[in-house]
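Structural description and commentary
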Amino acid sequence: MTLGVSRVLSADAAAIREAAAILRRGGLVAFPTETVYGLGADAENEEALTALFAAKGRPADHPVIMHLADVGLVENFVTDVPPAARKLAAAFWPGPMTLVLRRNKRVSDRVTGGLETVGLRVPVHSIAHALLVEFGGPIAAPSANRFGRVSCTCAEHVASELDERVDLILDGGPCDVGLESTIIDVSSGQPAILRPGAITQEQIAAVIREALQPPSAESPRAPGTLASHYAPQAHVELVEEPLLASRAKEYASSGKKVAVLGRGTARVAACDNIICLDGPPDDEGLAHELYALLRRADELGCDVVLVAPPEQQGIGTAIIDRLRRAAGPRG
Ligand code: TXA
Ligand code: MG
């Protein structure tokens with residue numbers, strides 16, 4: 001299948017073999033994970049890493065996550081694995097979690113953006129896992145979108161974001177979670193959540209049984225977790241559910257085209273300039289659909305997306321984090 005100018009292959013065994021060969025040659029392959037699609041490069045090939053940053057338009061000092069096939073490989077890339085990291089790895093790997101650990105010399109400065117730490121992830125998705133096994137080394141993979149934009153949760157979105165910048169897209173259908181992995185810094189002192197995700201603060205606290213620095217959109221500690229990130233073209237605004245209709249009318253009467261991202265319960269009358277995009281009522285469902293809905297608002301030419309935030313609990317925390325960043329000031 002060809003979408004635009006991208007090569008997209010259904011991710012069967014032959015396609016995975018070809019993808020691994022492309023990575024060995026220093027090429028770029030987009031592949032599905034349980035969170036979002038990743039844009040992969042050989043993490044031990046400097047030229048491939050340069051091409052990766054260029055394809056994304058990503059500043060060189062923003063570290064990328066290194067993906068591994070197996071938890072047992074972690075020790076090859078770090079100086080030590082503290083007790084909290086061991087507990088988290090045992091509980092949540094393989095899965096939608098990234099651990100920031102102290103790196104050893106084997107890890108390229110290009111991967112870490114010059115930091116003394118590295119973000120490692122062992123994905124559970126069968127295609128990501130098969131690709132890592134077939135390739136036989138670590139794969140550096142940021143989310144498969146251009147820098148600052150909304151991550152991709154299906155192959156079609158990757159193709160529209162990256163077109164000829166990627167050598168092959170492995171199509172594995174829509175991603176389960178729909179939001180990027182939970183990032184936990186366990187490199188020193190008190191473990192801290194740098195980016196909330198499907199592995200929730202509540203789950204993490206139950207496993208490590210020690211104080212946890214809470215996630216904070218206001219004080220980003222990870223380079224790359226900028227105030228404005230994960231943004232569609234439309235302006236995003238968080239509005240409490242009961243106020244959605246009046247806010248939408250305000251925008252519409254000033255000539256703006258508005259998308260209202262409701263939760264099944266929202267009653268906003270659609271009219272010429274107001275489009276209702278109904279999201280699933282449960283938070284897992286909304287996480288799964290969120291980026292596709294934001295992209296849909298762009299496709300429909302909306303100027304503004306109004307969205308009612310979920311409760312600050314479970315994966316709702318991660319949804320609010322992404323919405324706040326999408327709503328953040330644009331550079
Ligand atoms: O779910 C995910 O994590 C996806 C899939 C493809 O694995 N990847 C992803 O990568 O979201 P990316 O590059 O879009 O976001 C990685 C985040 C960035 O905010 C980066 O700053 C942070 O991870 N990060 C990576 N290494 C780090 C480190 N050593 N210290 C602190 N933050 C780090
Ligand atoms: Mg990203």
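Since the model is a prediction, treat every value here as computed from it, not as a measurement.

Conventions adopted
- Residues take numbers from 1 onward in each chain, read along the sequence in its written order.
- In the order they appear in the text, chains get letters beginning with A and ligands get numbers beginning with 1.
- In keeping with the model being predicted, local features are shown solely for residues with a pLDDT of at least 70 and side-chain atom pairs are shown and tallied solely at 80 or more, while totals for entire chains, interfaces and linings include all residues.
- Calculated side-chain values reflect all of the structure's heavy atoms, with hydrogen atoms and water omitted.
- An automatic or database domain assignment provides the domain bounds reported here.
- By the convention used here, residues are in contact when the closest approach between their heavy atoms is within 4.5 Å.
- For any pair of parts, buried area is found by adding up, for both, the accessible area (1.4 Å probe) each one loses once the two are put together.
- Whenever Lys or Arg places a side-chain nitrogen within 4 Å of a carboxyl oxygen from Asp or Glu, that contact is recorded as a salt bridge.
- Whenever two N or O atoms come within 3.5 Å, that pair is a polar contact, provided that in protein one can donate a hydrogen and the other can accept it, and provided that, for residues adjacent in sequence, both atoms are side-chain atoms.
- All amino acids are sorted into three groups, where Ala, Val, Leu, Ile, Met, Phe, Trp, Tyr, Cys and Pro are nonpolar, Asp, Glu, Lys and Arg are charged, and the leftover types, Gly among them, are polar.
- Think of it this way: any DSSP run of H or I at least four residues long counts as a helix, any run of E at least two long counts as a strand, and we number them from the N terminus.
- Burial classes: relative accessible area under 20% of the type maximum marks a residue as buried, over 50% as exposed, and values in between as partly exposed (1.4 Å probe, protein chains only).
- Throughout, a disulfide means two cysteine sulfur atoms within 2.5 Å of one another.
- Whether two strands pair comes down to DSSP finding at least two bridges between them.

**Some details on the domain arrangement of the protein**
Reports often express the size of an interface as the amount of accessible area lost when the parts come together. In terms of domains, the protein is made up of domain 1 (2–208) and domain 2 (235–326). With centres defined by C-alpha atoms, the gap from domain 1 to domain 2 works out at 29 Å. Contact residues are listed per partner, giving 23 residues for domain 1 and 16 residues for domain 2. Roughly 1,500 Å² is buried in total at the junction of domain 1 and domain 2, and carbon and sulfur atoms are behind 56% of that figure. It is Val150, Leu179 and Pro196 that lose the most area in domain 1 upon contact with domain 2, and together they represent 38% of the buried surface on that side. Joining domain 1 to domain 2, the criterion identifies 2 salt bridges. For Glu180, the salt bridge goes to Arg322, with nearest N and O atoms at 2.7 Å. Across the domain 1-domain 2 interface, the total number found is 9 residue pairs in polar contact (both at pLDDT 80 or more). The residue inventory of the side of domain 1 that touches domain 2, partitioned by class, reads 9 nonpolar, 8 polar and 6 charged.

**As for the environment of Arg146**
Position of Arg146 among the secondary structure elements: in the loop between β8 (139–140) and α6 (155–162). For the pair Arg146 and Thr98, spaced 48 residues apart in sequence, the C-alpha to C-alpha distance is 21 Å. In this structure, Arg146 is in contact with Ala55, Lys56, Ser160, Glu161, Leu162 and Arg165, ignoring residues within four places of it in sequence.

**A short note on the pattern of salt bridges**
All told, the structure shown has 15 salt bridges when counted by the stated rule. Residue Arg86 pairs with Glu75 through a salt bridge whose shortest N-O separation is 3.6 Å. Of this pair, Arg86 sits in helix α3 (residues 83–92) while Glu75 sits in the loop between β5 (66–67) and α3; the two residues are 11 residues apart in sequence, bridging distant segments of the chain. You can call Arg86 partly exposed: its relative accessible area is 45%. The salt bridge involving Glu161 is made with Arg295; its shortest N-O contact spans 3.4 Å. Placement of the pair is Glu161 in helix α6 and Arg295 in helix α9 (residues 283–299), with a sequence separation of 134 residues. Just as Glu161 is buried, Arg295 falls in that class too. Among the charged side chains, a salt-bridge network with shared partners connects Arg146, Arg149, Glu161 and Arg295.

**Thoughts on the state of the cysteines**
For the coordinates displayed, the defined rule picks out 0 disulfides. Residue Cys152 stays outside any disulfide, its sulfur separated by 7.3 Å from that of Cys154, the closest cysteine. Sulfur of Cys175: no disulfide; nearest cysteine sulfur belongs to Cys154 and is 8.0 Å away.

**Describing the side chain of Ser108**
Along the chain, Ser108 turns up in the loop between β6 (97–102) and α4 (109–112). The buried category is assigned to Ser108, whose relative accessible area is 9%. At a separation of 2.8 Å, a polar atom in the side chain of Ser108 contacts the side chain of Glu46. Residue contacts for Ser108: discarding those within four places in its chain leaves Ala43, Glu46, Leu49 and Arg103.

**Some words on the side chain of Asp171**
Looking at the element boundaries, Asp171 is found in strand β9 (residues 168–171). A polar contact is formed between the side chain of Asp171 and the backbone nitrogen of Gly173, at a distance of 2.9 Å.

**Things to note about the pairing of strand β15 (residues 304–307)**
For a regular strand, the rule is simple: side chains alternate between the two faces of the sheet. Where burial is concerned, the two faces of β15 agree: the one with Val304 and Leu306 and the one with Val305 and Val307 are both buried. Taken together, the 4 bridges between strand β12 (residues 235–238) and β15 define a ladder with parallel strand orientation. Bridge pairing in β15 places Val236 opposite Val305. Judged from the 4 bridges that link them, strand β13 (residues 258–262) and β15 form a sheet pairing that is parallel. Bridge assignment links Val258 to a residue of β15, and that residue is Val304.

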